[in-house]
Amino acid sequence: MKYISLVMTLFLGFTLLVSANNPNEKSTVLIKTDVKGDASPHVLKEVLLAKENGITEIKFEKGVYHFYPEKALEMFCYISNHEDVVTRTAFPLIDFENITIDGQGSEFIFHGLMIPFIIEGGKNITVKNLSVDWKNPFHSEGTVVANDPKAKTVDIEYSSDYPYEIRNGQVHFVHPYYEHTIGQCIFFDPKREAILYKNESYLPVELNSKTAKQFNIDKLSYKYENDPRTPFHSRLGLESKMNAKEIKPGVIRFSKMKREVPPVGAVLVSKGKKGDNRIAPAFRVTGTYDLNIQSVTVHHAGGMGLICENSENITLDGFNTIPAKGRVLSASADATHFVGCRGKVELKNCELRCQMDDALNVHGTYQKVMDIIDEHTIGIHVGHFEQQMFSIGRPNDTIGLVRLSDSFFPYNKLTLKSIQKLNGRYHLVTFNEKLPANIKAGDLIENLDAYPEVTVRDCEINGNRARGLLISTPRKTLVTNNFFHTHMSAILVPVESGFWYESGSASNLVITNNVFQDCVHGSKGKAVIQLETDDDNENIAFKDITISNNTFNQYDNLILEVKNTDGFTFEGNTITNSGTFPQLHSDRPAIIVESSKNVVFKKNSYKGNAKEILHTDGKSGKLKFK
């Protein structure tokens, strides 16, 4: 096994339940609770020996198991949409086929910088009946106990679970193995178990100002394009102007609040600076076929609950992100995220709640043409620093050449021959065919084969920051019988080419029989369902979208925004005003349609408060809400 070289004689033995002599029988290892003090070395031994011993199932006697990093396997991982890290794990499921990890209702508690499950290059893998949590989370939570709107101060109380130091006016939360500042943060409403209404009106808490002294910084130059979002570049020219002061042990006063002061009782959740705070997803999956995760709850992750790259046929049945008792936050980034996947992705019976980012994001990846090397080869630049070493595809995949100023769809197609990764962000991509004469630097490439069919059914998406579902796949997608209560749009259908470089545009999308309850209760005024591009043109990006028989019980006006779409039906939907919160954008219409065609509204019911139900740009045909 390419990652592993360990001396096995020091490990303890386990009970083999079924003999492996009969290849038609399942051979099972049972791990008992007597290893729960530090289960890492014992579990790791069984995982490493499983293939050679013909083991197809590792079971756990029901109990609570603690996993520490000191005796776990160390690996370096490039992880899409996370920081690339040297990490440790007790479950290196590398190149496994036909294996099941069954917790039988056990709780897995992790300590420090670990990735609980690293699943890579395998086939037919099942993980079921367990929960994942950390003893000390990668974030901190404190409750607002006093505020002063005139002085712009807020007092926040922290329990003994969140030790801290104050260094030069800045708070550093110190956990075993890890520390973080305030950095990226949000306010929760503990009564509603959701992001605080108007949350963005109270942020940021940690303020920066321009550095007082600089010498020749403005003379810095780069031969090639650099990424201003990297931790290094994003901090140039800024210094903290935070003035945190301890009022009494466990209570900190934050001064100079830039905007409104949050109400007493709100909970501030902080996870540190961007670029440092996505280091420990609960499940890291890459290059895997036929993965099934059943009845698994992620109470916390220092990043995403599950990040899945370049994999095929993924089923999450009863995969939950739910805060542990005594906390308001579950995963500190997305609950689930799929990039470059294919086959089918299915989420069913999932409760994705109170995470700090989206419930699901499914997309491909744009990579930017940097050089024309020869008649078959280009040099590409990986657009975002959290996509280093991402493989655009595998041999013979169909690669589209895209120039978004002209069209959201490829102007030419080639088949992939090979990829040579010279470093994390510069790859040589060679095609079987000759390059077209009109290809040029600045064009984008995307893998047209690396998009999955998606089904999201019977799920609850509730109380999280950001969006519910981000859908960027042209394959058949069904979103049905779900409940949404999200801080931002419940469903965003984007083309995103300039920040995350997340490729794909939705087609054949059906959204039906869902309930949308008081979504977009931040303050940016997006629609509950949003179809948009980040390129300001009128080209068609989305095709054949149907939204039918849904209930929108919404406190604010804007329900739907449709842009750059050909073939859109809104039918049989019921829109009412909940009155739950004061409206934030009472001047908005209920529906906006721009740069679209073949749009139909029929058999809908509207009982909201918008003075204008349907607003169009005059370029989308004669439309009438009905």
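Draft legend 1. Expanded view of the packing of aromatic side chains. Scanning the model with the defined rule gives 29 aromatic pairs in all. Ring plane angle 85 degrees and centroid distance 5.3 Å describe the contact between Tyr 555 and Phe 581, whose orientation is recorded as edge-to-face. Placement of Tyr 555 in the loop between β48 (551-554) and β49 (560-563) and of Phe 581 in the loop between β51 (574-577) and β52 (591-594) is noted, with a sequence separation of 26 residues between them. Judged by relative accessible area, which is 0%, Tyr 555 ranks as buried. Put simply, the rings of Phe 60, Tyr 65, Phe 67, Phe 91, Phe 108, Phe 110, Phe 117, Trp 134, Phe 138, Tyr 178, Phe 283 and Phe 319 touch in pairs and so form one group of aromatic residues.

Draft legend 2. The nonpolar core, seen in detail. With 119 residues, the main nonpolar core has Phe 117, Phe 283, Phe 338 and Ile 491 as its most contacted residues. Of all the elements, strand β10 (residues 123-134) adds the most residues to this core, at five residues. Those residues in contact with Phe 283 that lie beyond four places of it in its chain are Phe 117, Ile 119, Val 127, Ile 293, Val 296, Val 298, Gly 305, Leu 306, Ile 307 and Phe 319. Core analysis: the next-biggest nonpolar cluster, separate from the first, contains 23 residues, Val 144, Phe 173, Leu 203 and Ile 252 among them.

Draft legend 3. Quick peek at a positive patch on the surface. A grouping of Lys 241, Lys 256, Lys 258 and Arg 259 is seen on the molecular surface, where their side chains present a positively charged patch. Position of Lys 256 among the secondary structure elements: in the loop between β21 (251-254) and β22 (267-270). We classify Lys 256 as partly exposed; its relative accessible area is 46%.

Draft legend 4. Seen up close, the pattern of salt bridges. Per the counting criterion, the structure on display carries 28 salt bridges. In this structure, Arg 467 engages Asp 358 in a salt bridge whose closest nitrogen and oxygen atoms are separated by 2.9 Å. On the criterion of sequence distance, the pair formed by Arg 467 in the loop between β38 (460-464) and β39 (469-471) and Asp 358 in the loop between β29 (351-353) and β30 (360-365) is long-range, its members being 109 residues apart. In this structure, Arg 467 and Asp 358 share a single accessibility class: buried. Bridged by salt links that share partners, the residues Glu 165, Arg 167 and Glu 179 form one connected network.

Draft legend 5. Representation of unusual backbone geometry in the model. Cis rather than trans, the peptide bond between Leu 203 and Pro 204 has omega equal to 5 degrees. Of note in this structure, Lys 256 is not a glycine but carries a positive phi near 60 degrees. A positive phi angle is found at Asn 396, which is not glycine, with a value near 75 degrees. By the element assignment, Asn 396 lies in the loop between β32 (377-382) and β33 (398-402). With a relative accessible area of 55%, Asn 396 lands in the exposed category.

Draft legend 6. Quick look at a nonpolar patch on the surface. Taken together, the side chains of Ile 217, Leu 220, Tyr 222, Phe 232 and Leu 236 define a hydrophobic patch exposed on the protein surface, amounting to about 450 Å² of accessible area. For Leu 220, the location among the structural elements is in the loop between β18 (208-210) and α2 (231-234).

Draft legend 7. How the structure looks around the environment of Asn 432. Inspection of the secondary structure assignment puts Asn 432 in the loop between β35 (426-431) and β36 (444-447). For the pair Asn 432 and Thr 415, spaced 17 residues apart in sequence, the C-alpha separation works out to 5.8 Å. Beyond its immediate chain neighbours, meaning those up to four positions away, Asn 432 contacts His 376, Asn 396, Thr 415, Leu 416 and Lys 417. Separated by 2.9 Å, the side chains of Asn 432 and Thr 415 make a polar contact.

Draft legend 8. Focus on the confidence of the model for the chain. Of the residues in the chain, 96% reach a pLDDT of 70 or more, and the chain-wide mean stands at 93. Note on residues 1-24: pLDDT is under 50 here. Beyond four places in sequence and across chains, it has 46 contacts.

Draft legend 9. Fine view of the environment of Val 515. Take Val 515: it is sitting in strand β45 (residues 515-517). Given a relative accessible area of 32%, Val 515 falls into the partly exposed group. For the pair formed by Val 515 and Phe 484, sequence separation is 31 residues and the distance between their alpha carbons is 6.2 Å. Apart from the residues lying within four places of it in its own chain, the contact partners of Val 515 are Asn 482, Phe 483, Phe 484 and Thr 551.

Draft legend 10. Structural context of the sheet that holds strand β15 (residues 178-180). Across the sheet, three strands lie side by side as β13-β14-β15; this open sheet has antiparallel pairing. In this open sheet, the two strands that pair with only one neighbour each are β13 (164-167) and β15. On average, each strand axis in the sheet is inclined to that of its neighbour by 25 degrees, with strand direction left out of account.

Draft legend 11. Just the sheet that holds β22, in detail. If you walk across this open sheet you meet the seven strands as β17-β16-β22-β11-β12-β21-β20, and the pairing is antiparallel. Two strands bound the open sheet, and with one partner strand each, they are β17 (194-195) and β20 (244-248). Sheet topology note: the strand β11 (residues 140-148)/β22 ladder contains four bridges and is antiparallel. Following the sheet pairing, Thr 143 is matched in β22 by Val 267.

Draft legend 12. Structural detail: helix α1 (residues 40-49). Along α1, 10 of the 10 residues are buried, which leaves the element largely enclosed by surrounding structure. Within the span of α1, buried status applies to Ser 40, Pro 41, His 42, Val 43, Leu 44, Lys 45, Glu 46, Val 47, Leu 48 and Leu 49. Next to the buried residues of α1 lie β2 (28-31), β3 (57-60), β4 (64-67), β5 (73-77), β6 (85-89) and β7 (91-94).

Draft legend 13. Examining the side chain of Thr 480 more closely. Here Thr 480 shows up in strand β40 (residues 477-480). Looking at Thr 480, the relative accessible area reads 9%, which means it is buried. Beyond its immediate sequence surroundings of up to four residues, Thr 480 is in contact with Val 456, Arg 457, Asp 458, Thr 512, Asn 513 and Asn 514.

The rules we used
- Residues numbered from 1 in each chain as written.
- Predicted model: local features only at pLDDT ≥ 70, side-chain atom pairs only at ≥ 80, totals over all residues.
- Heavy atoms only, no water.
- Phe/Tyr/Trp six-rings, centres within 6.5 Å; stacked < 30°, edge-to-face > 60°.
- Helix = DSSP H or I, 4+ residues; strand = E, 2+ residues; numbered from the N terminus.
- Buried < 20%, exposed > 50% of the residue type's maximum accessible area, 1.4 Å probe, protein only.
- Core = buried A, V, L, I, M, F, W, Y, C linked by side-chain atoms within 4.5 Å.
- Contact = heavy atoms within 4.5 Å.
- Patch = residues over 30% accessible without salt bridge, like charges linked within 9 Å, V, L, I, M, F, W, Y side chains within 5 Å.
- Areas by Shrake-Rupley, 256 points an atom, 1.4 Å probe, with all protein chains shown as cover.
- Salt bridge = Lys/Arg side-chain N within 4 Å of Asp/Glu carboxyl O.
- Lys, Arg positive; Asp, Glu negative; His and termini not counted.
- Charge placed at Lys NZ, Arg CZ, Asp CG, Glu CD.
- Polar contact = N/O pair within 3.5 Å; in protein donor to acceptor, adjacent residues only side chain to side chain.
- pLDDT = per-residue confidence, 0-100.
- Pairing = 2+ DSSP bridges.
- Axes fitted to C-alpha atoms, helices over the stretch in contact; angles between N-to-C directions.

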